[in-house]
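Residue-level listing of the chains:
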Amino acid sequence: MYAQMIKTAGTGVKPREEMTPEEAAFQDRIDADIKIEPKDWMPDEYRATLVRQIGQHAHSEIVGQLPEGNWITRAPTLERKAILLAKVQDEAGHGLYLYCAAETLGVSRDELTEDLLSGRMKYSSIFNYPTLNWADIGAVGWLVDGAAIMNQVPLQRTSYGPYSRAMIRICKEESFHQRQGYDIMMKMAQGTEAQKKMAQDALNRFWYPSLMMFGPSDKESVHSAQSMAWKIKIDSNDELRQRFVDQTVPQAEYLGLTVPDDKLKWNEERGHYDFSEPDWTEFFNVLKGKGPCNTERMNGRKRAWEDGAWVRDGLMAHAQKRAARKVAAE
Ligand code: FAQ
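Given the structure is predicted, the values throughout are model-derived calculations rather than measurements. (Residues numbered from 1 in each chain as written. Predicted model: local features only at pLDDT ≥ 70, side-chain atom pairs only at ≥ 80, totals over all residues. Heavy atoms only, no water.)

**Considerations on unusual backbone geometry**
At step 1: Even without being a glycine, D33 presents a positive backbone phi close to 60°.
At step 2: For K231, which is not glycine, the phi torsion reads 55° and is therefore positive.
At step 3: Accessibility expressed as a relative area gives 23% for K231, which makes it partly exposed. (Buried < 20%, exposed > 50% of the residue type's maximum accessible area, 1.4 Å probe, protein only.)

**Here's the deal with the site of the ligand**
At step 1: Surrounding the ligand, one finds 35 residues, the nearest of these being K122, S221, V222, H223 and K233.
At step 2: In the model, an oxygen atom of the ligand is placed 2.9 Å from a nitrogen or oxygen of the N151 side chain.
At step 3: Between M212 and the ligand, the recorded distance is 3.3 Å, taken from a backbone N or O atom to a nitrogen atom.
At step 4: Out of a free accessible area of 1,100 Å², the ligand has 91% covered by protein chains.
At step 5: Elements supplying a minimum of two residues to the shell around the ligand: α3 (44-63), α5 (78-103), α7 (134-155), α8 (161-189) and α12 (280-290).
At step 6: Residue composition of the shell around the ligand, grouped by class: 13 nonpolar, 13 polar and nine charged. (Near = heavy atom within 4 Å. Polar contact = N/O pair within 3.5 Å; in protein donor to acceptor, adjacent residues only side chain to side chain. Areas by Shrake-Rupley, 256 points an atom, 1.4 Å probe, with all protein chains shown as cover. Helix = DSSP H or I, 4+ residues; strand = E, 2+ residues; numbered from the N terminus. Nonpolar A, V, L, I, M, F, W, Y, C, P; charged D, E, K, R; others polar.)

**A look at helix α11 (residues 237-255)**
At step 1: With 19 residues, α11 extends 27 Å from end C-alpha to end C-alpha; this agrees with the ideal 27 Å at 1.5 Å per step.
At step 2: Listed as buried for α11 are N237, L240, R241, Q242, F244, V245, D246, T248, V249, Q251, A252 and L255.
At step 3: Taken together, the buried residues of α11 touch α7, α8, α9 (193-212), α10 (224-229), β2 (272-274) and α12.
At step 4: Just downstream of α11, G256 is the residue with a positive phi angle, here 80°. (Expected span 1.5 Å × (residues − 1). Contact = heavy atoms within 4.5 Å.)

**A few points about the nonpolar core**
At step 1: Counting residues in hydrophobic clusters, the biggest one holds 45 residues, and the most contacted among them are W134, W142, L143, W207 and F244.
At step 2: Elements represented by at least two residues in this core include exactly α5, α6 (109-117), α7, α8, α9, α11 and α13 (294-307).
At step 3: Element by element, the count of residues in this core is highest for α7, at ten residues.
At step 4: Setting aside residues no more than four positions away along its own chain, W207 makes contact with L143, F244, V245, T248, V249, V259 and P260.
At step 5: Counting 25 residues, the second largest nonpolar core, distinct from the first, contains L50, L98, M121 and I170. (Core = buried A, V, L, I, M, F, W, Y, C linked by side-chain atoms within 4.5 Å.)

Below is the structure:
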């Protein structure tokens, strides 16, 4: 059942005249902004697309802890350490809400994790880049959480009830994350010359990978058309990327930092910034596992899964024992 779900995901938009009566009624509910709930009928492809997107989103939150977790022991002050620790724990919580939302679609968390570890499912490309110094932690909060919120705020209105409700809480926490990142950048940018250089260097390295978080250009996006028709996605990849650039450039200016893009320019006619596209060859290489930290991240997740096997086995044995006792008592 689950393998079939993955296989049928993303096969294009079905014209209304080809829909069955059930599918047409489903589309009418979506068009009327009525939320779809777990026990409602839904097309197999809608379910499959949600499992893919929510599962990958959950994996991103979990893998996303690794680059920042790397800095908990080296945060410059006790206060910064406490804040970073709380932020990283929040990301774990986001992963758990999202795995729960995916479970309502008939797939278990173990199956999703096994698909991540076997490479069948992805996680966000951004987490395959290293965090080399403390300013990178500021850049992750400011840019990576900033891009995540830009994508997730519209997802609060996504058509699937459990996903949209998970997003409401996640967005509140992500806003705090973004602010803490910007606060680190502000301290660095207003610090010594060496600190300002570190902040600029972090912006230089994280700018384009952050733009890649929104996915390939609309022309290259495989799933957008159907996902938008089903309101799984509310905005296209390019629309969100543009919104992110428009919001972030003035923030960089306020910090006194330079966005590493010679072509970046306010376009009066469009009412938006013109900007350079990321290097899409690099993006697709990272997706194929060839980014700077892909191997390290996957090894980290594999180790955690294997080290946690005894806990899962213990919980399962306990649950089986309780169930057997209950049957015997009846
Ligand atoms: N990385 O047809 P599309 C966070 C794949 S949360 C890797 O455009 P779609 C919090 C895509 O899966 C960050 N793969 O796909 C945090 C598909 O491959 P598939 C995660 C990517 O789904 C902060 C193929 O390319 N957020 O950061 C990426 O319609 C700090 C074709 O692409 C979410 O997951 C990528 N960047 O649009 C945690 C939000 N982009 O599956 C810790 C929910 C595309 O066919 C620290 N997800 N691909 O093999 C979405 O909104 C969508 O899934 C998109 C992609 C927009 C990411």
